[in-house]
Amino acid sequence: MSKKITISFSKSAKPKGGLAVLLSAKDGQTSEAANELDPAGVTGRAMEIAGFDGKARATVDVLAPQDCPTDRIGLLGLGDPAEVSENDWVRLGGSIFALIRKSKKIWVFADVPGVETSGQHIADLALGILLRSYSFDTYKTRKKDNDKKGEAGPVSITIVTTHSAAAKRHFAVSKAVASGVELARDLVNEPPNVLGPVEFAKKASDLEALGVDVEILTEKEMKKLKMGALLGVAQGAARPARLAIMQWKGGKAKQKPLAFIGKGVVFDSGGISLKPGAGMEDMKGDMGGAAAVIGLMHTLAARKAKANVVALIGLVENMPDGNAQRPGDIVTSMSGQTIEIINTDAEGRLVLADALWYCQDRFKPQFMINLATLTGAILVALGQQHAGLFSNDDALSEQLSSAGGVTQEKVWRMPLGPEYDKMIDSKFADMKNVGGRFAGSITAGQFLQRFVNDTPWAHLDVAGTAMNAPQTDINRSWGSGFGVRLLDQLVKANYEG
Ligand code: BES
Ligand code: ZN
Ligand code: ZN
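Every value quoted in this text rests on a predicted model; they were computed, and no experiment measured them.

Asks: Outline the overall build of the chain, listing residues and values.
Replies: Of the regular secondary structure elements, the chain holds 15 helices and 17 strands. Computed over C-alpha atoms, the radius of gyration of the chain comes to 24 Å, within 12% of the 23 Å expected from 2.2 N^0.38 for 497 residues, which places it in the range of a compact globule. Reported as C-alpha extents along the three principal axes, the dimensions of the chain are approximately 80 × 50 × 40 Å. Counting the 497 residues in the chain, one finds 57% classified as buried. Within the chain, counting contacts between residues at least 6 apart in sequence, those at least 24 apart form 80% of the total. Here the chain displays about 20,500 Å² of accessible surface, and carbon together with sulfur accounts for 52% of that area. Computing the positive centroid from 58 side-chain charges and the negative centroid from 55, the chain places the two 4 Å apart.

So, in structure tokens, the structure goes:
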């Protein structure tokens, strides 16, 4: 987080200095508790002059005259009270953050006559503020100098609402969610020289502080398990591979775990099938799936989710080298199936092949969901607005789609089928690692499906959504943390209690 923000909730407040934010319905109605903030009626004039009509997320920023208790008054539109939906509140929170600028003390008047609110809505508002406030400036030394001069400083926000007690309760959970998203964003944003497989595995181990059991498999241990597909990718890199296994046991002892698996390619040069130079720096984000999985485990543990969850991340670096894997090589995966390497840049599926197989073999989970920045082709198909969803299970797909509707991390189901599966049959081995020019995201999905056995499974291709993310009301970061809230919502809505 760039700014240090503390958020509290209160039934009433006497603001002084700083900024008062008034949520405002389309008809100009604002909280009655805020009446005395504007004795001269400047906000009314400002609304008129600025043409503010209370449209959802529209804002007006007013410099308050001297007889007002606060320095500034900000107006934030809620839209038509009848149309404010459950899922709008997080985004509205993001817009509140945008109004803050240099103010250090902020009061948000959230109750508007005619607009239905709840403690959950208010906590969502606070979550939106936290998510929007994230920025990654670890390596900006000049910015740090400014911070020392007090420009960043701590910011305190009081949300004034009749639902303060319930909001406070729900906000404890929101904070766990925000810190999981923040962790995932940090990991994606970190440069690849700093975050190799070993350092990444250490981030998994750090979750032990929250009560997560963590095991880290070394290359030697993976060799013993015959993970030839994962290890083949790693063999060209100077930095050794790791497989991190995290377990959160918040459910009943006998309950089969939910499983999440992440692609953690800390840097994808393409290997011997080297990528073009332009934009290659973006491939530091090729661990966006693994980052989301760690972020999710952080959130689940921090909010003490009542579910048994296991998470695996395959951590490798894909590099060209005298010892690197070649096109034409045939590797044997842990499942026993052999794979002909056609293109060393299709490495994510090789890493996941062994992680998925190991996961179902050892944990017998209720389902497996993997996240991976797997194909450029998913960007061609869906752009950055939806993650690709591939699954052998309609019920699980439905659950993911509706969780995405709630958190606005949207997924779009893509087809799988034997006619696509055929495209990865190989002349020399059981399969090849690419299926040709067409349907690249689907053949990648078919490849993964060959390693899930009969476990209900879903694959999220997040190449378009985890990194280089579009700027939104709640995200200004290159690494978006896509998937953390989605999967937390999936667990919350379907697998707890
Ligand atoms: N990591 C890439 C996919 C990717 C592309 C992620 C753009 C994020 C943004 C993956 O390992 C890859 O290189 N895939 C190849 C597959 C091809 C060789 C069949 C691709 O998409 O070009
Ligand atoms: Zn690649
Ligand atoms: Zn990759």
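There's more to say after this.
Asks: An account of the sheet that holds strand 13 (residues 367-372) is needed here, citing residue identities and associated values.
Replies: With mixed pairing, eight strands are arranged side by side in an open sheet as 7-8-10-9-13-17-14-15. In this open sheet, the two edge strands, each paired with only one partner strand, are strand 7 (213-217) and strand 15 (411-413). Strand-to-strand, the axes of this sheet are offset by a mean angle of 20°, without reference to chain direction. The pairing of strand 13 with strand 17 (residues 457-461) spans five bridges and is parallel. Across the sheet, the residue bridging to Asn370 is His459, located in strand 17. Strands strand 7, strand 8 (242-249), strand 9 (258-268) and strand 10 (308-318) of the sheet are contacted by helix 6 (residues 197-205), whose axis makes an angle of about 165° with strand 10. In this fold helix 14 (residues 440-449) packs onto strand 13, strand 14 (387-391) and strand 17, with an angle of close to 145° to the strand it touches most, strand 17.

Asks: Now, about unusual backbone geometry: what can you tell me, with residues and values included?
Replies: Backbone geometry at Lys226 places phi at a positive 65°, although glycine is not the residue there. Position of Lys226 among the secondary structure elements: in the loop between helix 7 (219-224) and helix 8 (228-234). For Lys226, a relative accessible area of 62% puts it in the exposed group. One non-glycine residue with positive phi stands out, namely Ala439, at about 50°.

Asks: Could you give an account of the site of ligand 1, naming the residues involved and the relevant values?
Replies: Among the 16 residues in the neighbourhood of ligand 1, the closest are listed as Lys275, Asp286, Asp345, Glu347 and Gly376. The side chain of Lys263 places a nitrogen or oxygen atom 3.2 Å from an oxygen atom of ligand 1. In the model, an oxygen atom of ligand 1 is placed 2.7 Å from a nitrogen or oxygen of the Gly376 main chain. In isolation ligand 1 exposes 520 Å². Once the protein is present, 78% of that is buried. Residues belonging to the shell around ligand 1 are distributed by class as follows: five nonpolar, four polar and seven charged.

Asks: Give a description of the coordination of the zinc ion (ligand 2) that names residues and reports values.
Replies: Each protein donor to the zinc ion (ligand 2) is listed here as Asp268 (OD), Asp345 (O), Asp345 (OD) and Glu347 (OE); together their distances run 2.0 to 2.2 Å. Of note is the zinc ion (ligand 2), whose six donor atoms meet at the metal with angles of 72 to 167° in an arrangement that counts as irregular. All donors of the zinc ion (ligand 2) belong to a single chain; written as a sequence motif, their spacing is D-x76-D-x1-E. For the pair the zinc ion (ligand 2) and the zinc ion (ligand 3), the metal-to-metal distance amounts to 3.2 Å, and Asp268 bridges them. Note that Asp268 is positioned in strand 9 and Asp345 in the loop between strand 12 (338-340) and helix 10 (348-363), a separation of 77 residues in sequence. With relative accessibility at 3%, the residue Asp268 sits in the buried group. Under the relative-accessibility criterion, Asp345 is labelled partly exposed at 21%.

Criteria and cut-off values
Residues numbered from 1 in each chain as written. Chains lettered and ligands numbered in written order. Predicted model: local features only at pLDDT ≥ 70, side-chain atom pairs only at ≥ 80, totals over all residues. Heavy atoms only, no water. Helix = DSSP H or I, 4+ residues; strand = E, 2+ residues; numbered from the N terminus. Rg over C-alpha atoms; globule rule 2.2 N^0.38 Å. Buried < 20%, exposed > 50% of the residue type's maximum accessible area, 1.4 Å probe, protein only. Contact = heavy atoms within 4.5 Å. Areas by Shrake-Rupley, 256 points an atom, 1.4 Å probe, with all protein chains shown as cover. Lys, Arg positive; Asp, Glu negative; His and termini not counted. Charge placed at Lys NZ, Arg CZ, Asp CG, Glu CD. Pairing = 2+ DSSP bridges. Axes fitted to C-alpha atoms, helices over the stretch in contact; angles between N-to-C directions. Near = heavy atom within 4 Å. Polar contact = N/O pair within 3.5 Å; in protein donor to acceptor, adjacent residues only side chain to side chain. Nonpolar A, V, L, I, M, F, W, Y, C, P; charged D, E, K, R; others polar. Donors = N, O, S within 2.8 Å, 3.2 Å for Na, K, Ca; no water. Tetrahedral: all angles 85-135°; square planar, octahedral: opposite > 155°, others 65-115°.

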